Amino acid sequence: METQAVKPQEQDTKKTIHISGSEAVVRSLIAEGVDVLYGYPGGAIMPVYDELYKFQDQIQHVLTRHEQGATHSAQGYARISGKVGVAMATSGPGATNLITGIADAQIDSTPMVCITGQVGSHLLGTDAFQETDIVGISTPVTKWNTQVTKASEIPEAIAKAFYIAKSGRPGPVLIDITKDAQFETFDFEYKKCKGIRSYTPTPKTNTETLQAAAALINNAKKPLVVWGQGVVLGEAEAEFKAVIEKAGLPSAWTILGASALPTTHDLNVGMVGMHGNYAPNVLTNECDVLIAIGMRFDDRVTGDLSRYAKQAKIVHFEIDPAEVDKNVKTEVAVLGNSKTTLAELLPLLKENTHTNWHQKFKDLYAVEYEKVIQHDLHPTKEGLTMGEVLKEINIQSKGNAAIVSDVGQHQMVACRYAEFNKTKSNITSGGLGTMGFALPAAIGAKMGAPERDVVAIIGDGGYQMTIQELGTIFQTKVPVKIVVLNNEFLGMVRQWQQLFFDKRYASTEIQNPDFVAIAKGYSIEAQKVTKRGDLKEAVKDMMACKDAYFLEVAVEKEDNVFPMIPTGASVSDIRLS
(Lines give C-alpha, C1' and ligand atoms only; values in the text may rest on other atoms or scores of the structure.)
Protein backbone atom coordinates (compact mmCIF):
# COMPACT_ATOMS: atom_id res chain seq x y z
CA MET A 1 0.00 0.00 0.00
CA GLU A 2 1.31 3.44 -0.92
CA THR A 3 1.41 6.21 1.66
CA GLN A 4 1.82 9.95 1.42
CA ALA A 5 5.53 9.51 2.06
CA VAL A 6 6.30 7.71 -1.20
CA LYS A 7 7.71 9.36 -4.28
CA PRO A 8 5.04 11.05 -6.41
CA GLN A 9 3.73 8.90 -9.19
CA GLU A 10 3.21 9.97 -12.76
CA GLN A 11 0.01 12.00 -13.01
CA ASP A 12 -2.82 9.81 -14.26
CA THR A 13 -6.42 10.89 -13.78
CA LYS A 14 -7.82 7.64 -15.18
CA LYS A 15 -5.94 5.09 -13.08
CA THR A 16 -7.01 4.60 -9.46
CA ILE A 17 -4.12 4.89 -6.99
CA HIS A 18 -4.03 4.80 -3.18
CA ILE A 19 -2.64 8.08 -1.83
CA SER A 20 -3.06 10.62 0.95
CA GLY A 21 -5.47 13.53 0.86
CA SER A 22 -2.57 15.96 0.71
CA GLU A 23 -1.13 14.27 -2.38
CA ALA A 24 -4.63 14.26 -3.84
CA VAL A 25 -4.74 18.04 -3.49
CA VAL A 26 -1.56 18.46 -5.52
CA ARG A 27 -2.50 15.86 -8.14
CA SER A 28 -5.92 17.48 -8.54
CA LEU A 29 -4.35 20.91 -9.11
CA ILE A 30 -2.01 19.47 -11.72
CA ALA A 31 -4.97 17.76 -13.41
CA GLU A 32 -6.62 21.19 -13.67
CA GLY A 33 -3.57 22.56 -15.45
CA VAL A 34 -2.27 24.63 -12.55
CA ASP A 35 1.39 25.46 -13.11
CA VAL A 36 1.86 28.05 -10.36
CA LEU A 37 0.20 28.89 -7.07
CA TYR A 38 0.83 31.52 -4.43
CA GLY A 39 0.81 30.94 -0.73
CA TYR A 40 2.29 30.80 2.75
CA PRO A 41 2.77 27.59 4.75
CA GLY A 42 1.68 26.81 8.29
CA GLY A 43 0.82 23.93 10.57
CA ALA A 44 -2.67 23.10 9.30
CA ILE A 45 -1.64 23.03 5.63
CA MET A 46 1.82 21.51 6.11
CA PRO A 47 0.96 18.05 4.68
CA VAL A 48 -0.01 19.67 1.36
CA TYR A 49 3.22 21.68 1.32
CA ASP A 50 5.16 18.46 1.89
CA GLU A 51 3.57 17.02 -1.24
CA LEU A 52 4.20 20.23 -3.20
CA TYR A 53 7.87 19.79 -2.40
CA LYS A 54 7.78 16.37 -4.07
CA PHE A 55 5.94 17.70 -7.17
CA GLN A 56 7.93 20.91 -7.58
CA ASP A 57 9.01 19.88 -11.08
CA GLN A 58 5.34 20.02 -12.15
CA ILE A 59 3.90 22.90 -10.16
CA GLN A 60 5.63 26.04 -8.91
CA HIS A 61 4.84 27.46 -5.49
CA VAL A 62 5.55 31.16 -4.96
CA LEU A 63 6.18 32.11 -1.36
CA THR A 64 4.59 35.52 -0.92
CA ARG A 65 5.40 37.56 2.16
CA HIS A 66 1.78 37.84 3.29
CA GLU A 67 -1.32 35.81 2.52
CA GLN A 68 -3.06 38.89 1.12
CA GLY A 69 -0.18 39.13 -1.34
CA ALA A 70 -0.93 35.55 -2.38
CA THR A 71 -4.52 36.37 -3.31
CA HIS A 72 -3.59 39.54 -5.21
CA SER A 73 -0.85 37.68 -7.07
CA ALA A 74 -3.36 34.98 -7.99
CA GLN A 75 -5.72 37.73 -9.18
CA GLY A 76 -3.07 39.33 -11.36
CA TYR A 77 -2.20 35.95 -12.83
CA ALA A 78 -5.87 35.22 -13.57
CA ARG A 79 -6.67 38.63 -15.02
CA ILE A 80 -3.87 38.60 -17.58
CA SER A 81 -3.89 34.89 -18.47
CA GLY A 82 -7.62 34.13 -18.38
CA LYS A 83 -6.86 31.07 -16.24
CA VAL A 84 -7.90 30.36 -12.65
CA GLY A 85 -5.52 31.82 -10.07
CA VAL A 86 -4.70 29.70 -7.02
CA ALA A 87 -3.78 30.82 -3.50
CA MET A 88 -3.12 28.70 -0.43
CA ALA A 89 -2.78 29.39 3.29
CA THR A 90 -2.95 27.75 6.67
CA SER A 91 -5.80 27.98 9.17
CA GLY A 92 -6.70 30.86 11.48
CA PRO A 93 -4.85 34.09 10.64
CA GLY A 94 -3.46 32.60 7.44
CA ALA A 95 -6.98 32.00 6.19
CA THR A 96 -8.40 35.31 7.40
CA ASN A 97 -5.54 37.18 5.71
CA LEU A 98 -6.91 35.91 2.39
CA ILE A 99 -10.27 37.62 2.85
CA THR A 100 -9.44 41.04 1.37
CA GLY A 101 -8.17 39.47 -1.85
CA ILE A 102 -11.13 37.09 -1.99
CA ALA A 103 -13.58 39.99 -1.57
CA ASP A 104 -11.72 41.91 -4.28
CA ALA A 105 -11.95 38.93 -6.63
CA GLN A 106 -15.64 38.49 -5.89
CA ILE A 107 -16.70 42.00 -6.79
CA ASP A 108 -14.37 42.12 -9.82
CA SER A 109 -15.42 38.66 -11.12
CA THR A 110 -11.93 37.16 -11.00
CA PRO A 111 -11.64 33.35 -11.18
CA MET A 112 -9.65 32.17 -8.16
CA VAL A 113 -9.45 29.01 -6.04
CA CYS A 114 -8.23 29.40 -2.47
CA ILE A 115 -7.24 26.36 -0.41
CA THR A 116 -6.92 26.65 3.35
CA GLY A 117 -5.80 24.16 5.96
CA GLN A 118 -7.99 23.59 9.01
CA VAL A 119 -7.55 21.98 12.41
CA GLY A 120 -8.39 18.30 12.71
CA SER A 121 -12.09 17.48 12.34
CA HIS A 122 -12.26 16.25 15.97
CA LEU A 123 -11.24 19.76 17.09
CA LEU A 124 -13.78 21.70 15.02
CA GLY A 125 -15.82 24.01 17.21
CA THR A 126 -13.48 23.77 20.21
CA ASP A 127 -11.61 27.04 19.64
CA ALA A 128 -8.46 25.05 19.00
CA PHE A 129 -5.18 26.80 18.24
CA GLN A 130 -5.53 28.72 14.97
CA GLU A 131 -9.08 27.50 14.41
CA THR A 132 -11.30 29.96 12.56
CA ASP A 133 -14.64 29.41 10.85
CA ILE A 134 -13.26 30.46 7.49
CA VAL A 135 -16.23 28.95 5.65
CA GLY A 136 -18.59 31.18 7.64
CA ILE A 137 -16.33 34.21 7.29
CA SER A 138 -15.84 33.82 3.53
CA THR A 139 -19.44 32.94 2.61
CA PRO A 140 -20.46 36.53 1.73
CA VAL A 141 -17.42 37.06 -0.52
CA THR A 142 -17.11 33.77 -2.38
CA LYS A 143 -18.99 32.35 -5.32
CA TRP A 144 -18.92 28.99 -3.52
CA ASN A 145 -17.08 27.48 -0.57
CA THR A 146 -16.91 24.16 1.23
CA GLN A 147 -15.19 22.37 4.08
CA VAL A 148 -13.65 18.95 3.47
CA THR A 149 -13.26 16.53 6.40
CA LYS A 150 -12.53 13.31 4.50
CA ALA A 151 -9.74 12.64 2.00
CA SER A 152 -12.15 10.98 -0.42
CA GLU A 153 -14.03 14.30 -0.78
CA ILE A 154 -10.99 16.21 -2.02
CA PRO A 155 -10.99 15.42 -5.77
CA GLU A 156 -14.65 16.23 -6.26
CA ALA A 157 -14.40 19.42 -4.20
CA ILE A 158 -11.44 20.69 -6.23
CA ALA A 159 -13.06 19.74 -9.53
CA LYS A 160 -16.23 21.63 -8.57
CA ALA A 161 -14.17 24.59 -7.36
CA PHE A 162 -12.41 25.08 -10.68
CA TYR A 163 -15.61 24.64 -12.66
CA ILE A 164 -17.52 27.14 -10.54
CA ALA A 165 -14.67 29.66 -10.40
CA LYS A 166 -14.26 29.82 -14.20
CA SER A 167 -17.75 29.19 -15.57
CA GLY A 168 -20.39 31.81 -16.23
CA ARG A 169 -19.60 34.99 -14.33
CA PRO A 170 -16.25 34.07 -12.76
CA GLY A 171 -15.44 34.45 -9.10
CA PRO A 172 -13.46 33.15 -6.12
CA VAL A 173 -14.02 29.78 -4.46
CA LEU A 174 -12.61 28.55 -1.14
CA ILE A 175 -11.95 24.97 -0.02
CA ASP A 176 -11.15 24.43 3.66
CA ILE A 177 -9.48 21.03 4.33
CA THR A 178 -9.06 19.59 7.82
CA LYS A 179 -5.64 18.29 8.72
CA ASP A 180 -6.80 14.72 9.28
CA ALA A 181 -8.29 14.69 5.77
CA GLN A 182 -4.88 15.62 4.45
CA PHE A 183 -3.23 12.64 6.19
CA GLU A 184 -5.99 10.10 5.50
CA THR A 185 -5.42 7.76 2.52
CA PHE A 186 -7.93 6.63 -0.10
CA ASP A 187 -8.27 5.36 -3.67
CA PHE A 188 -7.73 8.47 -5.80
CA GLU A 189 -9.29 9.12 -9.18
CA TYR A 190 -9.78 12.56 -10.69
CA LYS A 191 -12.61 13.59 -12.95
CA LYS A 192 -13.02 17.15 -14.14
CA CYS A 193 -16.38 18.73 -13.39
CA LYS A 194 -18.47 19.46 -16.46
CA GLY A 195 -21.72 20.47 -14.82
CA ILE A 196 -23.53 20.80 -11.52
CA ARG A 197 -27.18 20.12 -10.96
CA SER A 198 -29.23 23.30 -10.42
CA TYR A 199 -26.26 25.50 -11.43
CA THR A 200 -26.67 27.21 -14.82
CA PRO A 201 -23.58 29.36 -15.32
CA THR A 202 -24.63 30.81 -18.68
CA PRO A 203 -28.32 31.61 -19.18
CA LYS A 204 -29.99 30.73 -22.45
CA THR A 205 -30.27 33.62 -24.88
CA ASN A 206 -33.74 34.55 -26.03
CA THR A 207 -33.83 35.23 -29.78
CA GLU A 208 -36.65 37.76 -29.35
CA THR A 209 -34.53 39.91 -27.03
CA LEU A 210 -31.75 39.97 -29.60
CA GLN A 211 -34.16 41.11 -32.27
CA ALA A 212 -35.60 43.77 -29.95
CA ALA A 213 -32.11 44.99 -29.08
CA ALA A 214 -31.16 45.19 -32.76
CA ALA A 215 -34.31 47.16 -33.55
CA LEU A 216 -33.55 49.74 -30.86
CA ILE A 217 -29.94 50.09 -32.01
CA ASN A 218 -30.89 50.33 -35.68
CA ASN A 219 -33.45 53.06 -35.00
CA ALA A 220 -31.30 55.05 -32.60
CA LYS A 221 -30.22 58.55 -33.57
CA LYS A 222 -27.84 59.02 -30.63
CA PRO A 223 -26.66 55.58 -29.48
CA LEU A 224 -23.97 55.12 -26.84
CA VAL A 225 -22.25 51.90 -25.84
CA VAL A 226 -20.82 51.47 -22.33
CA TRP A 227 -18.81 48.29 -22.07
CA GLY A 228 -17.28 46.61 -19.06
CA GLN A 229 -15.15 43.65 -18.13
CA GLY A 230 -17.75 41.22 -19.43
CA VAL A 231 -16.29 41.75 -22.90
CA VAL A 232 -12.84 40.73 -21.67
CA LEU A 233 -14.04 37.83 -19.51
CA GLY A 234 -16.16 36.54 -22.38
CA GLU A 235 -13.19 36.85 -24.77
CA ALA A 236 -15.55 38.78 -27.00
CA GLU A 237 -13.18 41.53 -28.14
CA ALA A 238 -13.42 40.64 -31.85
CA GLU A 239 -17.23 40.33 -31.77
CA PHE A 240 -17.53 43.60 -29.85
CA LYS A 241 -15.33 45.44 -32.34
CA ALA A 242 -17.32 44.07 -35.27
CA VAL A 243 -20.63 45.18 -33.75
CA ILE A 244 -19.64 48.76 -33.00
CA GLU A 245 -17.87 49.20 -36.33
CA LYS A 246 -20.84 47.96 -38.34
CA ALA A 247 -23.35 50.16 -36.52
CA GLY A 248 -20.99 53.11 -36.00
CA LEU A 249 -21.51 53.15 -32.24
CA PRO A 250 -19.52 55.54 -30.04
CA SER A 251 -18.25 53.37 -27.19
CA ALA A 252 -17.09 54.21 -23.69
CA TRP A 253 -15.60 51.93 -21.04
CA THR A 254 -15.59 51.27 -17.34
CA ILE A 255 -12.14 50.91 -15.78
CA LEU A 256 -12.34 47.11 -15.80
CA GLY A 257 -13.43 47.13 -19.43
CA ALA A 258 -10.43 49.16 -20.55
CA SER A 259 -8.19 47.59 -23.21
CA ALA A 260 -10.90 45.41 -24.80
CA LEU A 261 -10.77 47.99 -27.61
CA PRO A 262 -7.52 49.79 -28.48
CA THR A 263 -7.28 53.25 -26.96
CA THR A 264 -6.71 54.80 -30.37
CA HIS A 265 -9.74 53.23 -32.07
CA ASP A 266 -11.96 55.87 -33.70
CA LEU A 267 -15.07 54.62 -31.86
CA ASN A 268 -13.38 54.62 -28.45
CA VAL A 269 -14.71 57.80 -26.81
CA GLY A 270 -13.09 57.30 -23.41
CA MET A 271 -13.87 56.33 -19.85
CA VAL A 272 -17.14 56.83 -18.02
CA GLY A 273 -17.47 57.37 -14.30
CA MET A 274 -16.34 59.61 -11.48
CA HIS A 275 -13.01 60.55 -13.07
CA GLY A 276 -13.88 59.53 -16.61
CA ASN A 277 -13.85 61.61 -19.74
CA TYR A 278 -16.07 64.64 -20.16
CA ALA A 279 -17.84 63.68 -23.39
CA PRO A 280 -19.14 60.17 -22.57
CA ASN A 281 -20.30 61.27 -19.12
CA VAL A 282 -22.18 64.34 -20.33
CA LEU A 283 -23.63 62.61 -23.38
CA THR A 284 -24.89 59.71 -21.29
CA ASN A 285 -27.72 62.07 -20.46
CA GLU A 286 -28.29 62.96 -24.14
CA CYS A 287 -28.17 59.57 -25.86
CA ASP A 288 -31.45 57.98 -26.92
CA VAL A 289 -30.30 54.36 -26.64
CA LEU A 290 -27.68 53.25 -24.12
CA ILE A 291 -26.22 49.82 -24.87
CA ALA A 292 -24.56 48.35 -21.76
CA ILE A 293 -22.34 45.35 -22.48
CA GLY A 294 -20.87 43.29 -19.67
CA MET A 295 -21.10 46.01 -17.02
CA ARG A 296 -23.18 46.31 -13.86
CA PHE A 297 -24.07 50.02 -13.55
CA ASP A 298 -21.82 50.59 -10.55
CA ASP A 299 -22.44 53.78 -8.59
CA ARG A 300 -19.06 55.17 -9.67
CA VAL A 301 -20.29 54.90 -13.25
CA THR A 302 -23.83 56.17 -12.83
CA GLY A 303 -23.61 58.90 -10.19
CA ASP A 304 -27.10 59.84 -9.01
CA LEU A 305 -29.33 57.05 -10.35
CA SER A 306 -32.40 59.27 -10.29
CA ARG A 307 -30.72 61.43 -12.94
CA TYR A 308 -28.91 58.76 -14.94
CA ALA A 309 -29.84 58.38 -18.63
CA LYS A 310 -33.53 58.94 -17.95
CA GLN A 311 -34.11 59.97 -21.56
CA ALA A 312 -32.57 56.78 -22.94
CA LYS A 313 -33.83 53.30 -23.60
CA ILE A 314 -31.44 50.85 -21.97
CA VAL A 315 -30.28 47.67 -23.69
CA HIS A 316 -28.32 45.44 -21.32
CA PHE A 317 -26.13 42.52 -22.51
CA GLU A 318 -25.34 40.53 -19.37
CA ILE A 319 -24.37 37.01 -18.28
CA ASP A 320 -25.61 37.38 -14.71
CA PRO A 321 -29.40 37.74 -14.46
CA ALA A 322 -29.02 39.21 -10.96
CA GLU A 323 -27.46 42.35 -12.47
CA VAL A 324 -30.39 43.07 -14.79
CA ASP A 325 -32.67 45.82 -13.45
CA LYS A 326 -30.70 45.85 -10.18
CA ASN A 327 -29.68 49.49 -10.47
CA VAL A 328 -31.01 50.71 -13.82
CA LYS A 329 -34.31 49.69 -15.42
CA THR A 330 -33.74 48.16 -18.84
CA GLU A 331 -35.89 48.26 -21.95
CA VAL A 332 -34.33 45.05 -23.29
CA ALA A 333 -32.08 42.58 -21.49
CA VAL A 334 -30.08 40.11 -23.57
CA LEU A 335 -28.81 37.30 -21.35
CA GLY A 336 -25.82 35.15 -22.23
CA ASN A 337 -22.08 35.19 -22.77
CA SER A 338 -21.07 38.35 -24.64
CA LYS A 339 -19.05 36.41 -27.21
CA THR A 340 -22.17 34.51 -28.27
CA THR A 341 -24.76 37.26 -27.95
CA LEU A 342 -22.69 39.85 -29.84
CA ALA A 343 -21.97 37.37 -32.62
CA GLU A 344 -25.71 36.71 -32.95
CA LEU A 345 -26.48 40.44 -32.82
CA LEU A 346 -24.07 41.35 -35.64
CA PRO A 347 -26.12 40.12 -38.66
CA LEU A 348 -29.22 41.86 -37.27
CA LEU A 349 -27.59 45.30 -37.32
CA LYS A 350 -27.70 47.86 -40.09
CA GLU A 351 -24.59 49.70 -41.17
CA ASN A 352 -24.44 53.25 -39.87
CA THR A 353 -22.03 56.09 -39.15
CA HIS A 354 -23.86 58.59 -36.86
CA THR A 355 -21.51 61.30 -38.10
CA ASN A 356 -23.20 64.28 -36.42
CA TRP A 357 -23.51 62.44 -33.12
CA HIS A 358 -19.82 61.52 -33.20
CA GLN A 359 -18.95 65.17 -33.74
CA LYS A 360 -20.47 66.00 -30.36
CA PHE A 361 -18.00 63.67 -28.67
CA LYS A 362 -15.14 65.31 -30.54
CA ASP A 363 -16.32 68.80 -29.58
CA LEU A 364 -16.55 67.93 -25.90
CA TYR A 365 -13.19 66.17 -26.01
CA ALA A 366 -11.69 69.44 -27.28
CA VAL A 367 -13.12 71.21 -24.23
CA GLU A 368 -11.64 68.60 -21.89
CA TYR A 369 -8.31 68.71 -23.68
CA GLU A 370 -8.02 72.47 -23.27
CA LYS A 371 -9.09 72.56 -19.62
CA VAL A 372 -7.57 69.32 -18.30
CA ILE A 373 -5.63 67.00 -20.59
CA GLN A 374 -3.02 69.38 -21.97
CA HIS A 375 -2.14 70.51 -18.45
CA ASP A 376 -1.76 66.87 -17.31
CA LEU A 377 0.33 65.71 -20.27
CA HIS A 378 2.15 68.92 -21.23
CA PRO A 379 2.43 70.91 -18.00
CA THR A 380 3.99 74.35 -17.88
CA LYS A 381 4.51 74.38 -14.10
CA GLU A 382 7.78 73.23 -12.59
CA GLY A 383 6.53 70.14 -10.75
CA LEU A 384 6.03 66.80 -12.46
CA THR A 385 2.51 65.50 -13.07
CA MET A 386 1.32 61.92 -12.92
CA GLY A 387 -0.03 62.27 -16.44
CA GLU A 388 3.34 63.04 -18.01
CA VAL A 389 4.83 59.96 -16.34
CA LEU A 390 2.14 57.81 -17.99
CA LYS A 391 2.76 59.59 -21.29
CA GLU A 392 6.44 58.69 -21.16
CA ILE A 393 5.63 55.06 -20.30
CA ASN A 394 3.33 54.99 -23.33
CA ILE A 395 6.13 56.24 -25.54
CA GLN A 396 8.72 53.78 -24.25
CA SER A 397 6.36 50.77 -24.23
CA LYS A 398 4.60 51.75 -27.48
CA GLY A 399 1.29 51.07 -25.71
CA ASN A 400 2.00 47.35 -25.41
CA ALA A 401 2.66 47.13 -21.66
CA ALA A 402 0.22 45.70 -19.17
CA ILE A 403 -0.50 48.38 -16.58
CA VAL A 404 -1.24 47.18 -13.04
CA SER A 405 -2.46 50.10 -10.96
CA ASP A 406 -3.17 50.43 -7.27
CA VAL A 407 -6.00 52.57 -5.88
CA GLY A 408 -6.06 56.35 -5.67
CA GLN A 409 -5.30 59.35 -7.84
CA HIS A 410 -2.57 57.49 -9.72
CA GLN A 411 -5.11 54.77 -10.58
CA MET A 412 -7.46 57.24 -12.23
CA VAL A 413 -4.57 58.91 -14.05
CA ALA A 414 -3.29 55.52 -15.24
CA CYS A 415 -6.72 54.51 -16.49
CA ARG A 416 -7.22 57.84 -18.24
CA TYR A 417 -3.83 58.17 -19.90
CA ALA A 418 -2.32 54.72 -20.40
CA GLU A 419 -2.43 53.56 -24.02
CA PHE A 420 -3.68 50.04 -24.54
CA ASN A 421 -3.05 48.20 -27.80
CA LYS A 422 -3.75 44.74 -26.40
CA THR A 423 -6.59 43.28 -24.40
CA LYS A 424 -6.09 42.29 -20.74
CA SER A 425 -3.74 45.25 -20.34
CA ASN A 426 -5.48 47.17 -17.54
CA ILE A 427 -5.32 45.28 -14.25
CA THR A 428 -6.61 47.13 -11.21
CA SER A 429 -8.87 46.80 -8.21
CA GLY A 430 -12.25 48.06 -9.35
CA GLY A 431 -15.22 47.39 -7.11
CA LEU A 432 -13.46 46.95 -3.77
CA GLY A 433 -10.81 49.62 -4.34
CA THR A 434 -8.07 47.76 -2.48
CA MET A 435 -4.96 49.79 -1.67
CA GLY A 436 -1.97 47.47 -1.78
CA PHE A 437 -3.32 45.53 -4.76
CA ALA A 438 -0.80 46.51 -7.43
CA LEU A 439 2.58 45.22 -6.26
CA PRO A 440 1.56 41.58 -5.65
CA ALA A 441 -0.88 41.65 -8.61
CA ALA A 442 1.96 42.76 -10.88
CA ILE A 443 4.00 39.75 -9.75
CA GLY A 444 1.16 37.42 -10.72
CA ALA A 445 0.54 39.26 -13.99
CA LYS A 446 4.16 38.97 -15.07
CA MET A 447 4.14 35.25 -14.26
CA GLY A 448 0.88 34.84 -16.15
CA ALA A 449 2.26 36.60 -19.25
CA PRO A 450 6.07 36.46 -19.03
CA GLU A 451 6.42 37.67 -22.62
CA ARG A 452 4.79 41.03 -21.77
CA ASP A 453 6.14 44.12 -20.06
CA VAL A 454 4.25 44.58 -16.80
CA VAL A 455 4.38 48.02 -15.17
CA ALA A 456 2.91 48.62 -11.71
CA ILE A 457 1.69 52.18 -11.12
CA ILE A 458 1.41 52.78 -7.38
CA GLY A 459 0.94 55.66 -4.96
CA ASP A 460 3.21 56.14 -1.98
CA GLY A 461 0.40 55.20 0.39
CA GLY A 462 -0.82 51.98 -1.21
CA TYR A 463 2.76 50.90 -1.91
CA GLN A 464 3.49 50.61 1.77
CA MET A 465 0.48 48.39 2.40
CA THR A 466 2.14 45.46 0.59
CA ILE A 467 5.75 46.66 0.29
CA GLN A 468 6.88 43.38 1.84
CA GLU A 469 6.20 41.70 -1.51
CA LEU A 470 9.50 43.14 -2.71
CA GLY A 471 10.81 40.08 -0.91
CA THR A 472 8.79 37.88 -3.28
CA ILE A 473 10.36 39.66 -6.25
CA PHE A 474 13.81 39.27 -4.65
CA GLN A 475 13.35 35.51 -4.25
CA THR A 476 11.59 34.73 -7.55
CA LYS A 477 13.45 37.27 -9.73
CA VAL A 478 10.18 38.21 -11.44
CA PRO A 479 11.13 41.17 -13.69
CA VAL A 480 8.29 43.57 -12.93
CA LYS A 481 8.61 47.32 -13.34
CA ILE A 482 7.48 49.32 -10.30
CA VAL A 483 6.64 53.02 -10.55
CA VAL A 484 5.74 54.88 -7.36
CA LEU A 485 4.18 58.28 -7.97
CA ASN A 486 5.07 60.03 -4.71
CA ASN A 487 3.09 63.12 -3.70
CA GLU A 488 3.63 62.59 0.04
CA PHE A 489 -0.13 62.44 0.53
CA LEU A 490 -2.94 59.95 0.50
CA GLY A 491 -3.83 61.83 -2.64
CA MET A 492 -7.42 60.90 -3.40
CA VAL A 493 -8.58 61.51 0.16
CA ARG A 494 -6.61 64.77 0.24
CA GLN A 495 -8.35 65.90 -2.97
CA TRP A 496 -11.73 65.37 -1.35
CA GLN A 497 -10.57 67.18 1.77
CA GLN A 498 -9.48 70.11 -0.37
CA LEU A 499 -12.71 70.28 -2.36
CA PHE A 500 -15.30 69.38 0.28
CA PHE A 501 -13.67 69.80 3.72
CA ASP A 502 -12.09 73.27 3.43
CA LYS A 503 -8.56 71.88 3.05
CA ARG A 504 -8.56 70.22 6.44
CA TYR A 505 -5.96 67.59 5.58
CA ALA A 506 -6.79 65.24 8.43
CA SER A 507 -4.34 62.32 8.55
CA THR A 508 -3.55 62.35 4.83
CA GLU A 509 -0.04 63.82 4.74
CA ILE A 510 2.37 60.91 4.85
CA GLN A 511 6.05 60.77 5.79
CA ASN A 512 7.79 58.24 3.59
CA PRO A 513 11.00 56.27 3.94
CA ASP A 514 13.81 56.13 1.39
CA PHE A 515 12.03 53.97 -1.19
CA VAL A 516 15.12 53.66 -3.39
CA ALA A 517 17.23 52.38 -0.49
CA ILE A 518 14.54 49.83 0.39
CA ALA A 519 14.37 48.56 -3.20
CA LYS A 520 18.15 48.27 -3.36
CA GLY A 521 18.03 46.35 -0.08
CA TYR A 522 16.10 43.71 -2.02
CA SER A 523 18.69 43.85 -4.85
CA ILE A 524 16.26 45.64 -7.14
CA GLU A 525 17.76 48.32 -9.38
CA ALA A 526 16.25 51.66 -8.45
CA GLN A 527 16.33 55.40 -8.99
CA LYS A 528 14.36 58.52 -8.11
CA VAL A 529 13.33 61.33 -10.45
CA THR A 530 12.58 64.82 -9.20
CA LYS A 531 13.15 66.86 -12.39
CA ARG A 532 11.33 66.77 -15.71
CA GLY A 533 14.57 66.65 -17.65
CA ASP A 534 15.48 63.31 -16.07
CA LEU A 535 12.14 61.55 -16.63
CA LYS A 536 12.61 60.33 -20.19
CA GLU A 537 15.94 58.62 -19.57
CA ALA A 538 14.74 57.11 -16.30
CA VAL A 539 11.69 55.51 -17.92
CA LYS A 540 13.85 54.38 -20.84
CA ASP A 541 16.29 52.74 -18.41
CA MET A 542 13.44 51.04 -16.58
CA MET A 543 11.82 49.61 -19.70
CA ALA A 544 15.17 48.43 -21.08
CA CYS A 545 16.14 46.61 -17.89
CA LYS A 546 15.79 42.82 -18.11
CA ASP A 547 15.31 42.49 -14.36
CA ALA A 548 12.94 44.00 -11.82
CA TYR A 549 13.21 47.79 -11.61
CA PHE A 550 11.96 50.42 -9.18
CA LEU A 551 11.34 54.01 -10.23
CA GLU A 552 10.16 56.67 -7.82
CA VAL A 553 8.86 59.91 -9.31
CA ALA A 554 8.28 62.90 -7.06
CA VAL A 555 5.11 64.56 -8.37
CA GLU A 556 3.17 67.69 -7.43
CA LYS A 557 1.87 67.34 -3.88
CA GLU A 558 -1.51 68.99 -4.36
CA ASP A 559 -2.46 68.14 -7.93
CA ASN A 560 -6.06 67.02 -8.39
CA VAL A 561 -7.58 64.54 -10.82
CA PHE A 562 -10.19 66.04 -13.12
CA PRO A 563 -12.76 65.67 -14.55
CA MET A 564 -14.66 64.65 -11.42
CA ILE A 565 -18.26 63.81 -10.62
CA PRO A 566 -18.88 64.65 -6.95
CA THR A 567 -20.58 61.96 -4.89
CA GLY A 568 -24.34 62.11 -5.29
CA ALA A 569 -24.15 64.31 -8.38
CA SER A 570 -25.41 63.52 -11.85
CA VAL A 571 -23.03 62.51 -14.64
CA SER A 572 -24.07 65.80 -16.27
CA ASP A 573 -22.61 67.68 -13.31
CA ILE A 574 -19.07 66.54 -14.06
CA ARG A 575 -16.49 69.15 -13.05
CA LEU A 576 -13.47 70.12 -15.13
CA SER A 577 -11.83 72.02 -12.28
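Residues numbered from 1 in each chain as written. Predicted model: local features only at pLDDT ≥ 70, side-chain atom pairs only at ≥ 80, totals over all residues. Heavy atoms only, no water.

*Asks:* Can you break down the domain arrangement of the protein chain residue by residue, with the values?
*Replies:* Examined at the domain level, the protein chain breaks down into domain 1 (17–188), domain 2 (207–361) and domain 3 (382–554). For domain 1 versus domain 2, the distance between C-alpha centres works out to 37 Å. Each partner contributes to the interface: domain 1 provides seven residues, whereas domain 2 provides seven residues. Counting each side, the surface lost to burial between domain 1 and domain 2 is near 670 Å², with a carbon and sulfur contribution of 52%. Of all residues in domain 1, R79, D108 and R169 bury the most surface against domain 2, accounting for 61% of the area lost on that side. Across the domain 1-domain 2 interface, the total number found is two salt bridges. The partner of D320 in a salt bridge is R169, and the shortest N-O contact between them spans 2.8 Å. Taken together, the connections running from domain 1 to domain 2 amount to three residue pairs in polar contact (both at pLDDT 80 or more). Counted by class, the side of domain 1 that touches domain 2 contains two nonpolar, two polar and three charged residues. (Domains from an automatic or database assignment. Contact = heavy atoms within 4.5 Å. Buried area = accessible area lost by both parts, 1.4 Å probe. Salt bridge = Lys/Arg side-chain N within 4 Å of Asp/Glu carboxyl O. Polar contact = N/O pair within 3.5 Å; in protein donor to acceptor, adjacent residues only side chain to side chain. Nonpolar A, V, L, I, M, F, W, Y, C, P; charged D, E, K, R; others polar.)

*Asks:* Can you tell me about empty space enclosed by the protein, naming the residues and giving the values?
*Replies:* Tallying each qualifying case throughout the model produces three cavities of 30 Å³ or more. Looking at the largest cavity, the residues that line it are D376, T385, M386, G387, Q409, V413, D559, N560 and V561. If you list the elements that add at least two residues to the lining of the largest cavity, you get α16 (386–397) and α17 (409–417). Of the residues assigned to the lining of the largest cavity, the class counts are three nonpolar, four polar and two charged. Each pocket or cavity is described by its volume, and for the second largest cavity that value is around 60 Å³. Its residues assigned to classes, the lining of the second largest cavity shows seven nonpolar, three polar and one charged. In this structure, the lining of the second largest cavity is formed jointly by two domains, domain 2 (207–361) and domain 3 (382–554), each of which donates at least three residues. (1 Å grid on protein atoms, 1.4 Å probe; cavity = no way out; pocket = protein on both sides within 12 Å on 5 of 7 lines; lining within 4 Å. Points joined across faces, edges and corners; volume = space filled by probe spheres on them. Helix = DSSP H or I, 4+ residues; strand = E, 2+ residues; numbered from the N terminus.)

*Asks:* Just give me the short version of the layout of surface pockets, but keep the residues and values in it.
*Replies:* Approximately 800 Å³ is the volume found for the second largest pocket. Forming the walls of the second largest pocket are 27 residues, and the residues nearest its centre are T263, N268, V269, G270 and Y365. Elements with a minimum of two residues in the lining of the second largest pocket: β11 (268–271), α12 (278–284), α15 (355–377), α16 and α17. It is α15 that provides the largest number of residues to the lining of the second largest pocket, a total of nine residues. Tallied by class, the residues present in the lining of the second largest pocket amount to 11 nonpolar, 10 polar and six charged.

*Asks:* Can you tell me about helix α3 (residues 67–81), naming the residues and giving the values?
*Replies:* Its 15 residues give α3 an end-to-end C-alpha distance of 21 Å, which sits within 8% of 21 Å, the value for a rise of 1.5 Å per residue. For α3, the buried fraction is high: 14 of the 15 residues fall into the buried class. Positive backbone phi, approximately 80°, marks G82, located one or two places after α3. (Expected span 1.5 Å × (residues − 1). Buried < 20%, exposed > 50% of the residue type's maximum accessible area, 1.4 Å probe, protein only.)

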